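# Architecture and fold: a report
Chain by chain, the residues:
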Amino acid sequence: QVQLVESGGGLVQAGGPLRLFCAASGVNFSRDLMGWYRQAPGKQRELVATVTIGGRINYGDPVRGRFTISKDFRKFTVDLQMNSLKPEDTAVYYCSVNRFGEDYWGQGTQVTVSS
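Since the structure is predicted, the reported quantities are computational estimates derived from the model, not experimental observations. (Residues numbered from 1 in each chain as written. Predicted model: local features only at pLDDT ≥ 70, side-chain atom pairs only at ≥ 80, totals over all residues. Heavy atoms only, no water.)

### Let's talk about the side chain of Asp-79
Heads up, the condition is: The helix count covers DSSP runs of H or I at least four residues long, the strand count covers runs of E at least two residues long, and both are numbered beginning at the N terminus. Note on classification: 1.4 Å probe, protein chains only; a residue is buried when its accessible area is under 20% of the maximum for its type, exposed when over 50%, partly exposed between these limits. The term polar contact refers here to a pair of N or O atoms within 3.5 Å; inside protein, the definition further demands a hydrogen-donor-capable atom paired with an acceptor-capable atom, and it admits residues adjacent in sequence only when both atoms are side-chain atoms. Should any heavy atoms of two residues lie within 4.5 Å, those residues are counted as being in contact.
Structurally, the position occupied by Asp-79 is in strand E8 (residues 77–82). Exposure remark for Asp-79: the relative accessible area of 5% places this residue in the buried category. Among the polar contacts listed, one links the side chain of Asp-79 to the side chain of Arg-19, at a separation of 3.3 Å. Setting aside residues no more than four positions away along its own chain, Asp-79 makes contact with Arg-19, Leu-20, Phe-21, Trp-36, Thr-68, Ile-69, Ser-70 and Asp-72.

### Things to note about the state of the cysteines
We apply this condition: By definition, disulfides here are pairs of cysteine sulfur atoms that lie within 2.5 Å.
Scanning all chains against the criterion turns up one disulfide. Here Cys-22 is linked by a disulfide to Cys-95, with a sulfur-sulfur distance of 2.0 Å. Residues Cys-22 and Cys-95 are joined by a disulfide whose S-S torsion is about -80 degrees; by sign, that bridge is left-handed. Of this pair, Cys-22 sits in strand E3 (residues 18–25) while Cys-95 sits in strand E9 (residues 91–99), and the two are 73 residues apart along the sequence.

As structure tokens, this is what we get:
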């Protein structure tokens, strides 16, 4: 029943911006912890950002100050605004939701940053 669909990924130049979207269904949009993670080839999946009710937000250290996560209650999407992109940001970005202690994932969207 839970469905997460990412969009907005692509190839961008270093220093540029990119905005990712996660369309969510089958979730408690206002209560469930939702966020973004990423995984580069040969590396483990790492935290990008999470957000929950009241705007409580947690960012991973590599993206803090450059990325902004937000919820769009009109479109039911979790958006990730990425600025000042670096080649090391290159990864597959996954949308995630935690419901009753269980994690659910989208298919992922590729972000490639050229130097």
